[in-house]
Amino acid sequence: MRAVVLRDVGQPTAVEDLALRRIGDQEVRVRLQASGVCHTDLSVRDGSMPALLPCTLGHEGAGIVTEVGGAVTAVSTGDHVVLTWNVPCRRCPHCLRGETQLCPHGLKHAFGGPYAESPTGPVWPEMGAGTLAEETLLPAAAVVPVDQSLPLDHAALLGCGVTTGVGAVLRTAAVRPGESVLVIGCGGVGLAAIQGARLAGAARIIAADRNAAQLPAATASGATDTVDVGDADLVGAVRDLTGGAGVDHGIEVVGKPATIRAAFDATRRGGAVTLVGAAGFTESVTLPALMLMADGKKIQGSVYGASDPARDIPVLAELALRGRLDIEALVTRRIGIDDVEAAFTDMVAGRGARSVVCFGPPS
Ligand code: CXF
Ligand code: ZN
Ligand code: ZN
């Protein structure tokens, strides 16, 4: 099967032919139909996110189960499934508290063993998924069956970006009807966050991006106001739009110290700042120590939208099927497996939302 393989950080990927190892008792084999290209794939490629190498990139995909291991009962051949990179143990203190996104065992899955052979040796699946390939092999617990009427190129985005963005707003921030929300960064996850705010009934949804070309997609996803950060002082613009107070919720989807600080400054006293963007390991943020206390703001991280894939992916699929979630609005382009490097080039330039690699005929 053909796969987008990264051999060394900082180097371009190449499409290689791999042979999957034999299926385990608890595993499923999936023929991918679509895979989104996520910013985390770029981070693995440039070395800012750790990964076992060589690896097949990708962790946001959907496909059809083609084989199940002897002990698998929850899914069957022919099922349409969304792949997830978090496989919580359901027994640890985090899982028992309902914080499956923080399960340390879930992380172990993401850094598990090799799954395929290349002519020069073993290959690992990025985040236990390796979705930028025609096929993959993964634990049955890492796939979530979805209704067959949901197009698989939309279902793919439920594996990471949509779940992360919508969950950050509905679950972590718990936005309520009538509140005001600022979303900084209008890539795929930012657009999903905007749609989450629309679902929550936010009265004011302010979308900000350094690239003005991203803003029409933000408006199409439900933003009521937009700020071109290349052109305006973000905090000043948000204060102007909110009568000087700032927003109830600042949602940061960039992962840079300056935008984290801007989210903090643009949030009202007593409001909540939710951090979704992944910053580099060595970066730090400076915040005014007195105001950190005196303004009574809450700052919270959001991993995977505080979602449990088994519980939340079917809910998001239902919302998409009923037209309440517009996944097509997140798709900038559909590409073939040979064009993933072009998707990275656009991502570095801050252009577009999701590039979606399609493997088979449209489903
Ligand atoms: C990432 C966010 C940072 C931690 C690892 C997972 N999410 C997916 O792209
Ligand atoms: Zn991702
Ligand atoms: Zn756990």
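- Going by the annotation in an unreviewed UniProt entry, the name recorded for the protein is Enoyl reductase (ER) domain-containing protein, with Mycobacterium gastri given as the source organism.
- A UniProt comment under Cofactor (unreviewed entry) is attached to the protein, and it reads "Zn(2+)".
- Here is the UniProt Sequence similarities (unreviewed entry) comment for the protein, exactly as written: "Belongs to the zinc-containing alcohol dehydrogenase family."

### Brief notes about the overall build of the protein
(1) Moving on: Looking only at helices and strands, the protein features twelve helices and 19 strands.
(2) Moving on: In terms of overall size, the protein behaves like a compact globule, its C-alpha atoms giving a radius of gyration of 20 Å where 363 residues would be expected to give roughly 21 Å.
(3) Moving on: Principal-axis analysis of the C-alpha atoms gives the protein an extent of 60 × 40 × 35 Å.
(4) Moving on: Taking all 363 residues of the protein together, the buried fraction comes to 54%.

### Side note on the coordination of the zinc ion (ligand 2)
(1) Moving on: For the zinc ion (ligand 2), every protein donor is listed as Cys38 (SG), His59 (NE2) and Cys160 (SG), and the spread of their distances is 2.0 to 2.2 Å.
(2) Moving on: Viewed at the metal, the four donor atoms of the zinc ion (ligand 2) are separated by angles of 99 to 131°, and the geometry they form is tetrahedral.
(3) Moving on: Counting along the primary sequence, the residues that act as donors to the zinc ion (ligand 2) give the motif C-x20-H-x100-C. Note that His59 is positioned in the loop between β5 (55-56) and β6 (61-68) and Cys160 in the loop between α4 (152-155) and α5 (161-172), a separation of 101 residues in sequence. By the burial criterion, His59 is buried, and Cys160 matches it.

### Some points on a nonpolar patch on the surface
(1) Moving on: A surface patch of nonpolar side chains, amounting to about 270 Å² of accessible area, comprises Leu52, Leu107 and Phe111.
(2) Moving on: Assignment of secondary structure puts Phe111 in the loop between α3 (104-110) and β8 (116-118).
(3) Moving on: Among the residues examined, Phe111 registers a relative accessible area of 39% and is labelled partly exposed.

### Structural notes on the pattern of salt bridges
(1) Moving on: The final tally for this structure, using the stated rule, is 22 salt bridges.
(2) Moving on: Here Arg29 and Glu67 are joined by a salt bridge, their closest N and O atoms 3.8 Å apart. In this pair, Arg29 sits in strand β4 (residues 27-36) while Glu67 sits in strand β6, placing the two residues 38 residues apart along the sequence.
(3) Moving on: For Arg29, a relative accessible area of 24% puts it in the partly exposed group.
(4) Moving on: Where Arg268 meets Asp248, a salt bridge forms, and the shortest distance between an N and an O atom there is 2.5 Å.

### Side note on the state of the cysteines
(1) Moving on: Considering all chains together, one arrives at zero disulfides under this definition.
(2) Moving on: Of the cysteine sulfurs around Cys358, a residue in no disulfide, the closest is that of Cys38, at 17 Å.
(3) Moving on: On the basis of relative accessibility, which here comes to 24%, the residue Cys358 falls in the partly exposed class.

### What about the coordination of the zinc ion (ligand 3)?
Note on metal geometry: ideal angles are 109.5 degrees for four donors arranged tetrahedrally and 90 or 180 degrees for six donors arranged octahedrally.
(1) Moving on: Looking at the zinc ion (ligand 3), the protein donor atoms are Cys89 (SG), Cys92 (SG), Cys95 (SG) and Cys103 (SG), and they sit 2.3 to 2.4 Å from it.
(2) Moving on: One way to put it: the four donor atoms around the zinc ion (ligand 3) meet at angles of 105 to 115°, and that makes the site tetrahedral.

### Remarks on the sheet that holds strand β15 (residues 247-252)
(1) Moving on: Overall, parallel pairing links the six strands, which are arranged β14-β13-β12-β15-β16-β17 in an open sheet. The strands lining the two open edges of the sheet, one partner per strand, are β14 (225-228) and β17 (298-301). Between one strand and the next, the sheet's axes are offset by a mean angle of 15°, whatever the strand orientation.
(2) Moving on: Bridge count for β15 against strand β16 (residues 267-275) is five bridges, and the pairing is parallel. Counterpart to Gly250 in the pairing with β16 is Val273.

### Concerning the packing of aromatic side chains
(1) Moving on: According to the stated counting rule, one finds one aromatic pair in the structure shown.
(2) Moving on: Ring centres 4.1 Å apart and planes at 20° place the aromatic pair Trp85 and Tyr304 in the stacked group. With Trp85 in the loop between β7 (80-83) and α2 (93-96) and Tyr304 in the loop between β17 and α11 (309-321), this residue pair connects regions lying 219 residues apart in the sequence. One exposure class covers both Trp85 and Tyr304, and it is buried.
(3) Moving on: Sitting above the plane of the Phe264 ring, Lys297 keeps its charged end 4.3 Å from the centroid.

### What to know about the site of ligand 1
(1) Moving on: As a matter of local geometry, ligand 1 sits amid Cys38, Thr40, Met49, His59, Trp85, Met127, Cys160 and Ala278.
(2) Moving on: Contacts to ligand 1 include Thr40, whose side-chain N or O atom sits 2.5 Å from an oxygen atom.
(3) Moving on: Interatomic distance of 3.2 Å between a side-chain N/O atom of His59 and an oxygen atom of ligand 1.
(4) Moving on: Considering ligand 1 on its own, with 270 Å² of exposed area, one finds that the protein chains cover 70% of that surface.
(5) Moving on: Class assignment for the residues of the shell around ligand 1 results in six nonpolar, two polar and no charged.

Analysis parameters
- Residues numbered from 1 in each chain as written.
- Chains lettered and ligands numbered in written order.
- Predicted model: local features only at pLDDT ≥ 70, side-chain atom pairs only at ≥ 80, totals over all residues.
- Heavy atoms only, no water.
- UniProt positions renumbered as here; feature names shortened; annotations may be inferred.
- Helix = DSSP H or I, 4+ residues; strand = E, 2+ residues; numbered from the N terminus.
- Rg over C-alpha atoms; globule rule 2.2 N^0.38 Å.
- Buried < 20%, exposed > 50% of the residue type's maximum accessible area, 1.4 Å probe, protein only.
- Donors = N, O, S within 2.8 Å, 3.2 Å for Na, K, Ca; no water.
- Tetrahedral: all angles 85-135°; square planar, octahedral: opposite > 155°, others 65-115°.
- Patch = residues over 30% accessible without salt bridge, like charges linked within 9 Å, V, L, I, M, F, W, Y side chains within 5 Å.
- Areas by Shrake-Rupley, 256 points an atom, 1.4 Å probe, with all protein chains shown as cover.
- Salt bridge = Lys/Arg side-chain N within 4 Å of Asp/Glu carboxyl O.
- Disulfide = S-S within 2.5 Å.
- Pairing = 2+ DSSP bridges.
- Axes fitted to C-alpha atoms, helices over the stretch in contact; angles between N-to-C directions.
- Phe/Tyr/Trp six-rings, centres within 6.5 Å; stacked < 30°, edge-to-face > 60°.
- Lys NZ or Arg CZ within 6 Å of the ring centre and 35° of its normal.
- Near = heavy atom within 4 Å.
- Polar contact = N/O pair within 3.5 Å; in protein donor to acceptor, adjacent residues only side chain to side chain.
- Nonpolar A, V, L, I, M, F, W, Y, C, P; charged D, E, K, R; others polar.

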